[in-house]
2 protein chains.
Amino acid sequence: MSFEIEDSEIDIVIAALRSDLTSFFEGWRAIFSRFHIIIIKDPDLQADLHIPPGFDHKIYTKSDIQSIIGSTKINFSGHSCRYLGYLVSSKKYIISVDDDCLPAQDINGNPIDPVAQHMANLSTPATPFFFNTLYDPFRPGADFVRGYPFSLRSGVECVLSCGLWLNVADYDSPTQAVKPHERNTRYVDAVLTVPMRAMLPMSGINLGFNRHALGPALVPALRLRGEGKHRWETMEDIWCGMCVKVVCDHLGLGVKTGIPYVWRSGGGNAWESLKRESEGVKLMEDIVPFFHAVKLPRTVTTAEDCVLQMARMVREQLGKVDEVFVQAADAMDEWVRLWKVISSR
Amino acid sequence: MSFEIEDSEIDIVIAALRSDLTSFFEGWRAIFSRFHIIIIKDPDLQADLHIPPGFDHKIYTKSDIQSIIGSTKINFSGHSCRYLGYLVSSKKYIISVDDDCLPAQDINGNPIDPVAQHMANLSTPATPFFFNTLYDPFRPGADFVRGYPFSLRSGVECVLSCGLWLNVADYDSPTQAVKPHERNTRYVDAVLTVPMRAMLPMSGINLGFNRHALGPALVPALRLRGEGKHRWETMEDIWCGMCVKVVCDHLGLGVKTGIPYVWRSGGGNAWESLKRESEGVKLMEDIVPFFHAVKLPRTVTTAEDCVLQMARMVREQLGKVDEVFVQAADAMDEWVRLWKVISSR
């Protein structure tokens, strides 16, 4: 039921929000040097990028984005620039990690290979129809527990692997402001399938996914008015994750969360972000009920069409609530259009 | 949002399937000696029980069961005898552990207190409406991740804590037969809420629950024709767990799974059990779709009535498939009747 993934099937996509990526790439050298790397430079970033030699990489700058995309309503600045990498890649699998993260160590202090762990998650089935208390049954040394129906053990294809973070956890700005010194030190040696119909707040910090299966469902749609460069000032990934989960539940695909961990340094003053009124925190109160209630028609059978269908529902149902949702719906439409254009070139 | 649970609110319930419980109780002495312990002797067990001194316990034998219950269709032999303890207890919380389990050690080799960990799970909210990728947000050092809606953070009362097992995992007989030497060595330092509408195969090996909230939903209903004394020859707990999860989803209560671990010795020859045709494995193929589809009317607002309602549906829908389901439905009715009688004494 599991399969092998070749290195040549994988693109690493890095959003460069800082110019000096030396320590980042040195930290990842043992892992990333085997792969092709797509680096998208934040369009707001002026200084030249510093990337140490020895990596097979291609950099996309603001002018590259413009020449590829042309005129667009989608804003690719900040963390959202990585989505261009998803678009221009021709590979089946994407790994994306924030540029303030390094590979973590496991419980025994041994360095881990997050790319290999993401691929292990993606190359074995997900089991969204029934919960396995022993976590991912496809990990070595694990299996399905007594009572797990045999007819559900083959599971479905896993297309999204959500990794986690040691040190600085991915909190929203109020939580980060209240607990500025809290560090996540608990290495939970587990990965599990997020059950059918359960929604999760996907973080874009440390992700692996099947680009062929999910296509334009990885969409840079929700742009906060006060969006900044700190993760707690963004929501693009949370919205994107809700879209992806709906697509997966609808198309019979799976999502796993858990290992691999990355070591996240993060930083910044969350109180500054709080002054922007925690716009994203408020929006979630409308977003979650919407996505919980979304039901796609059976006639919709591709990720593209799922996104278009959701865009229509977002415009109709959430558009009344806040203008940012209308813009999100527009971006979703636009993204599918771009995806079709670029992939047909 | 969390609260304190007094030792006096807890009963430990032990099903004695072996007569010599000396090493079991010595292994648990540091923990169990603080609590009242209800020991139910398997009615099939002839020899006297050996229990070391120093424990506040009460033993219920076959004749005690008969004098308490009178004539009944419910079969209390084997693992099912523990349910009598749930019935006769007057405490709010129950902890039940199989008599072949000892407290496990944590990742650092320190002895853990499974009772304290179950109570930590039960005294903090469960969060079934949205998935938290950082696991139980109420554990020290954890919190809700970015994107988790604030309106859902207060969660619901957690009423069931499903613990896990190191060493011998809880596999069904085919898996156990195929992997007789596999040992579960992975200590996953996590506990999480099982999401709304996700069903799980609850194991009765290592459980804590809120007896007042769940009442007769912990029901010894499904009795296999070839039921034996090995866990892989039983399904009572799996069925019970499906009932409990439906009740929790309906009443707005929560279920957690994960820590605490117990060290399980287990043993026996699973090939012998396979000869009994893995009856339970087959039955799950009907049981799971049934419980996935169960919808209880809004007018049903107590655990008692949920069980009665499910019994009716079991009889109508599953009764046609196999006679054991008719017996399960009868046992559910009978159990609610007994629960009312005993609790009114």
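Residues numbered from 1 in each chain as written. Chains lettered and ligands numbered in written order. Predicted model: local features only at pLDDT ≥ 70, side-chain atom pairs only at ≥ 80, totals over all residues. Heavy atoms only, no water.

A. Representation of helix α7 (residues 236–251) of chain A within the structure. All names here are of chain A. Its 16 residues place the ends of α7 22 Å apart at the C-alpha level, agreeing with the 22 Å of an ideal helix rising 1.5 Å per residue. Judged by how many residues are buried, α7 sits mostly within the fold: 14 of 16 residues are covered. Of the residues flanking the end of α7, it is Gly 252, one or two places downstream, whose phi is positive at about 75°. (Helix = DSSP H or I, 4+ residues; strand = E, 2+ residues; numbered from the N terminus. Expected span 1.5 Å × (residues − 1). Buried < 20%, exposed > 50% of the residue type's maximum accessible area, 1.4 Å probe, protein only.)

B. Representation of the nonpolar core. Core analysis: the largest hydrophobic core is formed by 251 residues, its most contacted members being Phe 32, Trp 239 and Phe 291 of chain A together with Phe 32, Trp 239 and Phe 291 of chain B. Once residues within four sequence positions are removed from consideration, Trp 239 of chain A is found in contact with Ala 221, Leu 222, Ile 287, Phe 291, Val 314, Leu 318, Phe 325, Ala 328 and Met 332 of chain A. (Core = buried A, V, L, I, M, F, W, Y, C linked by side-chain atoms within 4.5 Å. Contact = heavy atoms within 4.5 Å.)

C. Up close: a positive patch on the surface. Taken together, Arg 197 and Lys 295 of chain A together with Arg 197 and Lys 295 of chain B make up a surface patch of like positive charges. Mapped onto the secondary structure, Arg 197 of chain A falls in the loop between β7 (191–193) and β8 (206–210). We classify Arg 197 of chain A as partly exposed; its relative accessible area is 38%. (Patch = residues over 30% accessible without salt bridge, like charges linked within 9 Å, V, L, I, M, F, W, Y side chains within 5 Å. Areas by Shrake-Rupley, 256 points an atom, 1.4 Å probe, with all protein chains shown as cover. Salt bridge = Lys/Arg side-chain N within 4 Å of Asp/Glu carboxyl O. Lys, Arg positive; Asp, Glu negative; His and termini not counted. Charge placed at Lys NZ, Arg CZ, Asp CG, Glu CD.)

D. Here's a closer look at the confidence of the model for chain A. Averaged over all residues, the pLDDT of chain A is 95; the fraction at 70 or higher stands at 99%. Note on the complex model: pTM 0.96, ipTM 0.96. (pLDDT = per-residue confidence, 0-100.)

E. Just the packing of helix α7 (residues 236–251) of chain B against helix α9 (residues 279–293) of chain B, in detail. All names here are of chain B. In the contact formed by α7 and α9, the axes pass within 11 Å of each other and the chain directions differ by 10°. Our classification of the angle between α7 and α9 gives roughly parallel. Between α7 and α9, the contacting residues are Ile 238, Trp 239, Met 242, Cys 243 and Val 246 on the first element and Met 284, Ile 287, Val 288 and Phe 291 on the second. (Axes fitted to C-alpha atoms, helices over the stretch in contact; angles between N-to-C directions. Parallel < 35°, antiparallel > 145°, perpendicular 65-115°, else oblique.)

F. View of the layout of surface pockets. In this structure, the largest pocket encloses a volume near 870 Å³. Arg 197 and Lys 295 of chain A together with Met 196, Arg 197 and Lys 295 of chain B are the residues nearest the centre of the largest pocket, which is lined by 27 residues in total. Broken down by element, the residue count for the lining of the largest pocket peaks at four residues, all from α7 of chain B. In terms of lining, the second largest pocket is formed by 15 residues, of which the most central are Leu 17, Arg 18, Asp 100, Lys 229 and His 230 of chain A. Its residues assigned to classes, the lining of the second largest pocket shows two nonpolar, five polar and eight charged. (1 Å grid on protein atoms, 1.4 Å probe; cavity = no way out; pocket = protein on both sides within 12 Å on 5 of 7 lines; lining within 4 Å. Points joined across faces, edges and corners; volume = space filled by probe spheres on them. Nonpolar A, V, L, I, M, F, W, Y, C, P; charged D, E, K, R; others polar.)

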